[in-house]
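# Descriptive analysis of the structure
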Amino acid sequence: MSRDPFTLEIIGDMLRASAVEMFITYGRSAQSPIIYEVLDMGCGLISAEGELIAEAEGVPGFVGCLGFAVREVLGKFGADALQPGDIYASNDPWGGGGTHLSDVVLVMPLFHEGCLLAFAANKAHWTEVGGMAPGSWTTDSTEIYQEGLQLPALRLYRAGQPQQDLLDIIEANVRLPEMTLGDMYAGIAALHAGARGVAAVCARYGADALLDSIALLLKRGESVARERLSALPDGSWHAEAWLDDDGIGDEPQYVCVRVTIDGERFVADYSGCAPQASGPINTTHVGLMVVVREMFKCVLDPHFPNNDGFFRPIEIICPPGTLFTAQRPAPTSTYWETGSYAAELIWRAMYPVAPDRLSVGHHLSICGTIVSGEDESGTPWVLVEPQAGGWGATHRRDGQSGLVPSGDGETYIMPVEICETRYPLLVDQFAFNTEPGGGGRWRGGFGLIRDYQVTCSHADLTASFGRFRFPPWGAAGGADGSNNAIEIIPAGQGKAVMRTGRCARQRLQRGDVARLITAVGGGYGDPLQREPPRVAEDVREGFLSPEIARQAYGVVLDNAGVDEVATASLRADMSRERDHGA
Amino acid sequence: MRIATDIGGTFTDLVWQDEKSGAVGNTKVPTTPHDFGAAVVSAIRQSRQDARGTGFLVHGTTLVINALTERKGVRTGLITTRGFRDVLEIGRANRPDIYNMTYVKPTPFVPRRLRLEVTGRLNFRGEVLLPLCHEDVARAAGTLLAEGVEAVAVCFLHSYVNPQHELECGQILADLAPDLPVTLSHQVTREWREFERSNTAVLNSYVMPIVARYLNSLERDLNDMGIPSPSLHVMQSNGGSASFGAGRQLPVNLVESGPVAGVIGAARIGGIIGEPNVISLDVGGTTAKCSLVLDGAPRITSDYKIEHDRRSAGYPILVPTVDIVEIGAGGGSIAHLDESGALRVGPQSAGADPGPACQGVGDQPTLTDANLVAGRINPDYFLGGRIPLSVARAQQALQPLAAHFGLGIAETALGIIRIADSNMINALKLVSVRRGHDPRDFVLLPFGGGGALHGATLMRELQTRKVVIPQQPGVFSAWGMLMSDLRRDDIRTRITRVTEDAAPDLDETFADMSRRVHEALQREDVAAADIRSERHADMRYLGQEHTVKVPLAEGCIDAAAVDGLLERFHQAHEQTYTFRLDSPVELVNYHVTAFGLVPAPEIGRVCGDGLTLADAGKGRREVYFDDPVPLQADIFERDRLPVGEALAGPAVIEEPTATILVFPQQRAWRDRNGLIHIQGEDQS
């Protein structure tokens, strides 16, 4: 390396700043609420070889896909065919998309004096890409063809010129073309922001310095990862779990992983998982790689500036045709139901090794929700949003209440006032779900309850709430949490007629309420070890009833607070009883 | 007499100006953290000016931000819509620290048992679906009083459209507990987003009693010195001042009371030299703060949060605030190696205690140490020579880093300076390029203790037109305060489709808002003739969420005015985001600002008659600029520079509280206003 170390450092900072600029540009100019309000997107700069070099932290999984999308473009066209001003779009789950068709990646090659230097890329959830159901993703598709328009690395712009035929196809195949194309223009504006950043580096320091800096960033990422890895013990850890079902039927599905660390390698072996499903819960191999990387980073070093060099020590073993490596034309609409499990298996396997970096089980599912219909004037509307829920405790703190799941990051839930203004819905409550579950020395965080009452003649609800049957896990004697669930409460009736983890275009009439419930997280440690003042505090805050305080925690309260004598005696009894039972 | 006082972490600055004689002066006294007012009083005494009958005193205070960040407010309760008491704690549920699986959310300022729900509901149009249950309110008030709360906030869904229920609730509380401080959310902000508005109302209540106590006591002290109450003002986050009375009512408007003043000063300097577009850069001991002045006006945003960074979601405050980007890069910023062996500067700072290594106590290498090693700072002239600096100590502190990189000590110092410059450049780009502006249309105005040292490099990197360094850069914020006008903002969310047909609607809403802000200022004894107002519309394409702020001229809004507004929106959108659409356009927020103009004092003129560059010359010394080879730089004393005669870099211009660097191929001159201008030789 010929240049001084500071110049290369400064270039790295400039690249990261450009990625952030892309992120802000996209979020501020997009048309889909799920992009601008929820920030369901990721932006980054990619090397000429297709390796991520700088990211803006949005949705972790999205950023992880960008390098794959660039490699898809390179593989399809070859580097020589790319021209300045080209823009490519991909949402192919097997190629650069890695998730579902709603998430569209835009890629722009960046040149300096005719030489390909890098790529700007972003990925965001466009509300509409066509398919069998409004909002495009659904819970009852059985083939990818039903899930929307497939864009397998298509050239949207050629040398700066929009390919009108392609834009016309998109416009004709989606339900809300203005929104979809508006998102596309916003994404392109973001690419230009990234291009400006790279051009500024070249103008100031020259293209060679940029390339040196990229090589240094990647190399440093790799050496930091190997160093972090060597600080962990060598060994092999197994984890297994059950998914609610295959996305169509009722049969629980088995998944497992064996993580092996030996010296400088991190091997995730998913052999033995259930075969790909007929329902849309499938993940592709690209999607699997992305989530493994995410967890690798969480466990090793959550704060090291992300780049693909960091992920070089990872090896993934998983035969084709499983839930995590589904083959075309499997549907992938609700990929998060398996993708999040692939991540969480590693999480669970590594928990004993990295308890400072991980909490115990949380609501996990993105709990994707679509409510759609037509307003009084016949104009279609579609609300698409993820839900936040309860997180697990750690070995030194209670779990967090109402936080987006691990697969989402700098993602925001929609304000009630905006929701009611945009859609014919009334939110009857938005509150903590304090149902029992997640007890422990440190308790799980609370989930949320959000009630949507329909105020127009009718609307349709599509939702996928995994962990409807298998709650978040507790550890070290802490209790499991509760479950995610959707309930339907018909107009005028006080109680639910339906409770489920999944529905597709469920018809709701005026006055019907869809109740969206997210799980309480798992607890850590023996509930009988929880400090009684904390239990008393939870009762005062209305999180816990005095009865549960007694039953789950062995804490007896009187008007003055904790009755210490009665508590000690009750806890001794409970502990004895438990030992006898065991 | 006009007086401005700015309380900082270490010093309380006072700048005064005698309007009759035009004389200006300043005083610096140590800040008195246990009783901020004491420093204000003692600074006035030390100024030896007759404060009696002072016509305008403006006070910038860190009291509110300190009370918030140190959690020193009062026990506060919240009354809200049934079904929504957890909104304050749920927040927006985001995880900014995305790979951290043990992220901890910000704790709400009101615990759950003090968040009470009452029946009553509006829809998004502001229509009453359920009337407010007065018994619920009375019961909630009883519970909160029994819990010993000292202040209450009220926030109901959609109150930004229709405040009726909040007003009813406020009346019931006033009847039951006349002395209880109460904030009704719509009185603080009429923008939508219930979490953000609730949090804003809560934070306001949380500090109300503290601020009232402080301002009451300060008011008494100042009255005792002969300064009458109508002269007393506080600096607000929006860059304007307000009466002490308004400050007591809406203290959450004072959160950025100190930092904004420098931006106002920058706008004022821009006006004096005919440069409407200015980038201000305030480099202190711990941070650098950047902001943009466009067409003579600071940029205002209500997307503001405290305790917000890449690792934490922070707490939103939905009030108009001068848009400032702050980064951890100041004179005390520590140079260190990160985990991967890369050189970083800040955000950790040696601050005032222990301070940079060269001051004799600390031993960590700081940006100031690097500037000293590079010969840029004169070790014998820091604070006019009051604090001697040790070059040897600075070199010693840098030595381990030099050894790590296998570089010489000067090269290492230059590396540290470049990394710090790079951090500042990225922040400056944040406020300029990222928001669609070309730095080449701007002048850079650095101030604070360290601004002048870095200005010339930053100008070169950003390619701003020139650098302008104000007089006394160390007390520039207080000077900026002295220049401020009274200011009132009214922002209302009210979605309107912008077509020619909407003209009467727009006209009526804006007219109503203008009337209200004018009345508010008149209640503060501003004469109608001294009130000027501005109108802006926050607009977007149908379907978008985020808006672009577009100015709207005064006068009746007719179809033609609407067409003009639409065209300005399309232009502004294209400038910010590179594209325009054919989609319908919506107006989301109506924004009216009224200024109560306070006659601004003239800037003190300098007389350089008869002086030559030779008079200002103090010899030469070795200074490292871009290369690890030192150059012989001419050293000048700022106050003895002639007016209008340019000197050529490499040079250093010194004054007791700042050092100005002039690079090779740059020239600098002092103008009649005492400002130093620097430009590249190829610039004009």
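Keep in mind the model is a prediction, meaning the values are calculated, not measured.

Moving on: the interface of chain B and chain A. When the parts come together, some accessible area is lost, and that loss is often what is quoted as the size of the interface. Each side of the interface is counted separately: chain B has 53 residues, and chain A has 60 residues. The element best represented in the side of chain B that touches chain A is helix 12 (residues 409–431) of chain B, accounting for 6 residues. Split by residue class, the side of chain B that touches chain A holds 23 nonpolar, 15 polar and 15 charged.

Next up on the list: the domain arrangement of chain A. Domain boundaries in chain A define domain 1 (5–223), domain 2 (359–525) and domain 3 (527–581). Computed over C-alpha atoms, the centres of domain 1 of chain A and domain 3 of chain A are 54 Å apart.

With that out of the way, let us pick up the sheet that holds strand 4 (residues 103–112) of chain A. All names here are of chain A. Spatial strand order, 2-1-5-4-3-6-7: 7 strands in an open sheet with antiparallel pairing. Where the open sheet ends on each side, the last strands, each with one partner, are strand 2 (52–56) and strand 7 (161–162). Of the pairings in the sheet, the one linking strand 6 (residues 154–158) to strand 7 comprises 2 bridges and is antiparallel in character. Along strand 7, the bridge assignment pairs R158 with Q161. Contacts between helix 5 (residues 177–205) and the sheet are confined to strand 1 (41–47), strand 3 (87–90), strand 4 and strand 5 (115–125), with strand 5 contributing the most and set at about 145° to the helix.

Residue and element names in this part refer to chain A. In terms of residue burial, strand 4 counts as a mostly covered element, since 9 of its 10 residues are buried. Bridge analysis of strand 4 against strand 5 gives 10 bridges, and the strand direction is antiparallel. Across the sheet, residue F111 finds its bridge partner in strand 5, namely L116. Hairpin connection of strand 4 to strand 5: 2 residues between the antiparallel strands, including E113 at a positive phi of 50°.

Turning our attention to the packing of helix 3 (residues 60–77) of chain A against helix 7 (residues 285–300) of chain A. Residue and element names in this part refer to chain A. Here helix 3 crosses helix 7 at 125°, and the two axes come no closer than 9 Å. With respect to their mutual orientation, helix 3 and helix 7 come out oblique. Judged by the twist between their axes, the crossing of helix 3 over helix 7 is right-handed. Residue-level inspection shows P60, G61, G64, C65 and F68 of helix 3 in contact with helix 7, the latter providing V286, V290, V291, R293 and E294. Of the residues contributing to the contact of helix 3 with helix 7, the split by class is 6 nonpolar, 2 polar and 2 charged.

Our focus in this paragraph is helix 7 (residues 194–224) of chain B. All names here are of chain B. With 31 residues, helix 7 should cover 45 Å at 1.5 Å per step; its first-to-last C-alpha distance of 44 Å lies within 8% of that length. Along helix 7, the sharpest kink reaches roughly 40°, centred on M208 and followed within four residues by the proline P209. The buried count for helix 7 comes to 22 of 31 residues, which makes it a mostly enclosed element. Looking one or two residues beyond helix 7, the residue adopting positive phi is G226, at roughly 95°.

Glycine aside, residues mostly have negative phi angles, and peptide bonds mostly take the trans form. For the peptide bond that leads from R328 of chain A to P329 of chain A, omega is 5°, which places it in the cis range. Take P329 of chain A: it is sitting in the loop between strand 11 (314–317) and helix 8 (336–350). Residue P650 of chain B follows G649 of chain B across a cis peptide bond; omega there is 5°. By the element assignment, P650 of chain B lies in the loop between strand 31 (647–648) and strand 32 (651–655). At Q463 of chain B, a position not held by glycine, the phi torsion is positive, near 60°. Here Q463 of chain B falls in the partly exposed class, since 13 other C-beta atoms lie within 10 Å of it. Of note in the backbone geometry, Q472 of chain B takes a positive phi value of approximately 45° without being a glycine. If you trace the backbone, Q472 of chain B turns up in the loop between strand 24 (466–469) and helix 14 (476–482).

What counts and what doesn't
Residues numbered from 1 in each chain as written. Chains lettered and ligands numbered in written order. Predicted model: local features only at pLDDT ≥ 70, side-chain atom pairs only at ≥ 80, totals over all residues. Contact = placed C-beta atoms within 7 Å. Helix = DSSP H or I, 4+ residues; strand = E, 2+ residues; numbered from the N terminus. Nonpolar A, V, L, I, M, F, W, Y, C, P; charged D, E, K, R; others polar. Domains from an automatic or database assignment. Pairing = 2+ DSSP bridges. Axes fitted to C-alpha atoms, helices over the stretch in contact; angles between N-to-C directions. Buried ≥ 20, exposed ≤ 12 C-beta atoms within 10 Å, placed from the backbone. Parallel < 35°, antiparallel > 145°, perpendicular 65-115°, else oblique. Left-handed = near helix turned anticlockwise from the far one by under 90°. Expected span 1.5 Å × (residues − 1). Bend = angle between axes of the 7 residues up to and from the residue.

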